[in-house]
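Examining the three-dimensional arrangement
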Amino acid sequence: MKRLLVIGIGAGDPDHLTLQAVKAIGATDVFLIVDKGEVKHELVQLRLDLIAEHGRAPYRIAEARDPERDRTTPAYTAAVEDWRSRRALACEALVRDELRDGQTGAFLVWGDPGVYDSTLAIVEEILRRGNVTFEYEVIPGISSVAALTARHRTSLTQVGRPVHLTTGRRLAEHGPSADDVVVMLDAHCSFAGLDDFHIHWGAYLGTPDEILVSGPVAEVGDRIRELRAEARARKGWIMDTYLLRRLEH
């Protein structure tokens, strides 16, 4: 049977790779890469660099183009589900056409595969359709959340207090539901106006372009918005994460 590895490769620093991930890359016959296009070529290049350093020849690299997602429709959930299904078809074709029985294929996933990433849902969708069969294993990675708290030298958790992990969209709709909130996938700086919170913000974590800002939202919120807009305009893409922590009064 075909074997598939879903390998977490960390938030951007090549040294984020765990020993388990290094061994998994070394055991891979075919690396399956979904290319997001020229704008995000850096994301592909890091994968290629890790493969070149830790892969064991002979291996092959098979690529497919990531389908476009409708980012203009107000029907956000439907748009994401449609994009995910089309992406699953592309990934299914890679597994079907590029991986022979008895071989091991791998998807290299940014951060940790279990934290706001679609790969595991896509793998399960492929298996449900039944057009191709395989067994698979998940190798955890250092998430952007772990990288963020480490770079800011702060703890994710506090004694006796919960942490809420959410998206910018949900934060904008419902506000903070805990004293400690981790926010990902926020294109609109939804922390605006939350002046009773301290923010630890980071973009391009673990890369040479890393940006870090920390302070009360009332004092650093405008600076974060300016830095974020400038960085996105310069690079064409941005990945950022932040921790909100309610100020003590």
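Note that this is a predicted model, so its numbers are computed, not measured. (Residues numbered from 1 in each chain as written. Predicted model: local features only at pLDDT ≥ 70, side-chain atom pairs only at ≥ 80, totals over all residues. Heavy atoms only, no water.)

Description of the pattern of salt bridges
Defined as follows: A pair is scored as a salt bridge if a Lys or Arg side-chain nitrogen falls within 4 Å of a carboxyl oxygen belonging to Asp or Glu. Helix and strand definitions here come from DSSP, where helices need a minimum of 4 consecutive H or I residues and strands a minimum of 2 consecutive E residues; each element is numbered from the N-terminal end.
For the structure shown, the criterion picks out 18 salt bridges. Taking the shortest distance from any N to any O, the salt bridge between arginine 129 and glutamate 92 comes out at 3.0 Å. Of the two residues, arginine 129 is situated in helix H4 (residues 119-129) and glutamate 92 in helix H3 (residues 76-98); the sequence distance between them amounts to 37 residues. Linked by salt bridges that have partners in common, Arg161, Asp180, Arg245 and Glu248 make up one network.

Overview of H3
What counts is decided by this rule: Helix span is expected to be 1.5 Å times the residue number reduced by one. To sort residues, take the accessible area from a 1.4 Å probe on protein chains only and compare it with the maximum for the residue type: under 20% means buried, over 50% means exposed, and anything in between is partly exposed.
Between its first and last C-alpha atoms H3 spans 32 Å; for 23 residues at 1.5 Å apiece the expected length is 33 Å, and the two agree. Considered for burial, the residues of H3 that qualify are Ala79, Val80, Trp83, Arg87, Ala88, Ala90, Cys91, Glu92, Leu94 and Val95.

Topic: the packing of H3 against H4
Formally: Each axis is a line fitted through C-alpha atoms, and for a helix only the stretch in contact is used; angles between axes span 0 to 180 degrees, taken between their N-to-C directions. In what follows, roughly perpendicular refers to angles from 65 to 115 degrees, roughly parallel to angles under 35, roughly antiparallel to angles over 145, and oblique to any angle outside these ranges. By definition in these notes, contact holds between two residues if any of their heavy atoms fall within 4.5 Å. Three categories are distinguished: nonpolar for Ala, Val, Leu, Ile, Met, Phe, Trp, Tyr, Cys and Pro, charged for Asp, Glu, Lys and Arg, and polar for the others, with Gly belonging to the last.
The geometry of H3 relative to H4 is characterised by a closest axis approach of 9 Å and an angle of 70 degrees between their N-to-C directions. It follows from the interaxial angle that H3 and H4 lie roughly perpendicular. Where H3 abuts H4, its residues Arg84, Ser85, Arg87, Ala88, Leu89, Cys91 and Glu92 lie against Ala121, Ile122, Glu125, Ile126 and Arg129. For the contact of H3 with H4, the per-class residue count stands at 6 nonpolar, 1 polar and 5 charged.

Brief notes about the nonpolar core
What counts, and what does not: Among buried residues, those of type Ala, Val, Leu, Ile, Met, Phe, Trp, Tyr and Cys that are joined through side-chain atoms within 4.5 Å constitute a nonpolar core.
Residues Ile7, Phe191, Ile199, Trp201, Tyr242 and Leu244 are the most contacted members of the largest nonpolar core, which totals 40 residues. Considering each element in turn, this core owes the most residues, 5 residues, to helix H2 (residues 41-54). Formed by 20 residues, the second largest nonpolar core is a distinct cluster that contains Leu32, Ala90, Ile126 and Val132.

Re unusual backbone geometry
Cis geometry marks the peptide bond from alanine 57 to proline 58; its omega dihedral reads 0 degrees. Following the sequence through the fold, proline 58 ends up in the loop between H2 and strand E3 (60-65). Even without being a glycine, tyrosine 116 presents a positive backbone phi close to 50 degrees. Counting through the fold element by element, tyrosine 116 comes out in the loop between strand E4 (104-109) and H4. You will see that cysteine 189, though not glycine, has its phi angle at about 50 degrees, which is positive. Relative to the assigned elements, cysteine 189 resides in the loop between strand E7 (180-184) and strand E8 (197-203).

Let's talk about the sheet that holds E7
Selection rule: Strand pairing follows a simple DSSP-based rule, namely that at least 2 bridges must link the two strands.
Overall, mixed pairing links the 5 strands, which are arranged E6-E7-E10-E8-E9 in an open sheet. A single partner strand is all that each edge strand has here, and the edge strands are strand E6 (164-167) and strand E9 (211-216). In this sheet, neighbouring strand axes are inclined to one another by 15 degrees on average, regardless of whether the strands run parallel or antiparallel. By the bridge criterion, 5 bridges tie E7 to strand E10 (residues 240-246) in an arrangement that is antiparallel. The residue of E10 that forms the bridge with valine 183 is tyrosine 242. Relative to E10, helix H5 (residues 144-151) is tilted by about 60 degrees, and along the sheet it contacts E6, E7, E8, E9 and E10.

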